[in-house]
Amino acid sequence: MKRKKFLSVMLLCLLATTMQAARVDTVWVKSPSMNKDVKVVYVLPDKALDKKACPVVYLLHGHGGNARSWILLKPELPQIADEKGIIFVCPDGKNSWYWDSPKNPAYRYETFVASELVKYTDEHYATIPEKKGRAISGLSMGGHGALWLAIRHKELFGAAGSMSGGVDIRPFPQNWHMKEQLGEFASNKKVWDEHTVINQLDKIENGDLALTIDCGEGDFFLEVNKELHKRLLERKIDHDFTTRPGAHTGTYWNNSIDYHILFFDKFFKK
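Predicted model, so just to flag it, every value in this text is computed and none were measured. (Residues numbered from 1 in each chain as written. Predicted model: local features only at pLDDT ≥ 70, side-chain atom pairs only at ≥ 80, totals over all residues. Heavy atoms only, no water.)

## Structural notes on the overall build of the protein chain
Along the protein chain, the regular secondary structure elements total 10 helices and 8 strands. Here the protein chain has a C-alpha radius of gyration of 20 Å; the compact-globule value for 270 residues is 18 Å, and the two agree. Taking the principal axes of the C-alpha coordinates as reference, the protein chain spans close to 80 × 40 × 30 Å. Out of the 270 residues in the protein chain, the part that is buried amounts to 51%. Sequence separation of at least 24 residues holds for 72% of the intrachain contacts in the protein chain that already meet a minimum separation of 6. A distance of 5 Å separates the average location of the 37 positive side-chain charges in the protein chain from that of its 33 negative side-chain charges. (Helix = DSSP H or I, 4+ residues; strand = E, 2+ residues; numbered from the N terminus. Rg over C-alpha atoms; globule rule 2.2 N^0.38 Å. Buried < 20%, exposed > 50% of the residue type's maximum accessible area, 1.4 Å probe, protein only. Contact = heavy atoms within 4.5 Å. Lys, Arg positive; Asp, Glu negative; His and termini not counted. Charge placed at Lys NZ, Arg CZ, Asp CG, Glu CD.)

What follows is the structure, encoded as structure tokens:
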């Protein structure tokens, strides 16, 4: 019995040393357009570590967040990455709203994420380097950013999501450092009109993107999300739209991200 138990323990130890688990890397990615390095957190499933090509979900943080926001908000991401075989990429977008700012040349985060970061990721990790294997989502400012980038770069992203997204920025002209990137609203209305997601819908047709959008019933962005849903319906663009109890909180996003990952996983498996 003792010998049998010893052999069982040794076998378990052997399995533990040969099996890989998801890895979380923190990387500094060079941005030529901004002439600086940007911090990016990668969550890599064991499949990717074995050099087997995996789909990628880019996750964008909200205002005041950073590259580690998602791994702190959803500590289970490594386990989810392993279970689904998905690479998660979480860049530090500062308070940029993921625009190339027309006022601030130091903030070119549209170029960084959609061009420089996608290129770096495909060159350094085992990805599926096509839109069918690439999705993007985010919360709040990052929800705006995910839709902004996906709509404007539909050749790169096959699916996109927004959680509690600031999908129309114009009702909030004094908030979240937006005027630092766009100028004062009163004297730059055209710029603000051109940099809000809800005015980008003419760039897509039905079938260009798989879209999932949600917002809490107690969220201050609820009405602009409902208006986005209405305009997508008017343009006959298929999408998922969900409202749930909840507000603009980490508790809501910790739950919401599960639905986005499920949506993207189904998209990747089509």
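## Overview of the nonpolar core
Among the nonpolar cores identified, the biggest contains 58 residues, and Y42, I87, F112, I136, L147 and L149 are the most heavily contacted of them. Those residues in contact with F112 that lie beyond four places of it in its chain are V29, K30, S31, M34, V38, V40, P91 and L117. Core analysis: the second largest hydrophobic core is formed by 27 residues, I80, A135, I261 and F264 among them. (Core = buried A, V, L, I, M, F, W, Y, C linked by side-chain atoms within 4.5 Å.)

## Some thoughts on unusual backbone geometry
Trans is the prevailing form of peptide bonds, just as negative phi is the prevailing case for residues other than glycine. You will see that N35, though not glycine, has its phi angle at about 55 degrees, which is positive. You can see N35 is positioned in the loop between β1 (23–31) and β2 (36–44).

## Quick look at the environment of I151
Relative to the helices and strands, I151 resides in helix α6 (residues 141–152). Note on I151: relative accessible area 4%, which makes it buried. With 49 residues separating them in the primary sequence, I151 and Q200 have C-alpha atoms 7.0 Å apart. Contact partners of I151, with chain neighbours within four places excluded, come to V197, Q200, L201, K203, I204 and L209.

## A few points about the packing of helix α5 (residues 109–124) against α6
Between α5 and α6, whose axes approach to 11 Å, the crossing angle comes to 60 degrees. Here α5 is positioned oblique relative to α6, judged by the angle of their axes. The way α5 lies across α6 gives a crossing that is right-handed. Here E110, V113 and A114 of α5 lie close against α6, whose contacting residues are W148, L149 and R152. (Axes fitted to C-alpha atoms, helices over the stretch in contact; angles between N-to-C directions. Parallel < 35°, antiparallel > 145°, perpendicular 65-115°, else oblique. Left-handed = near helix turned anticlockwise from the far one by under 90°.)

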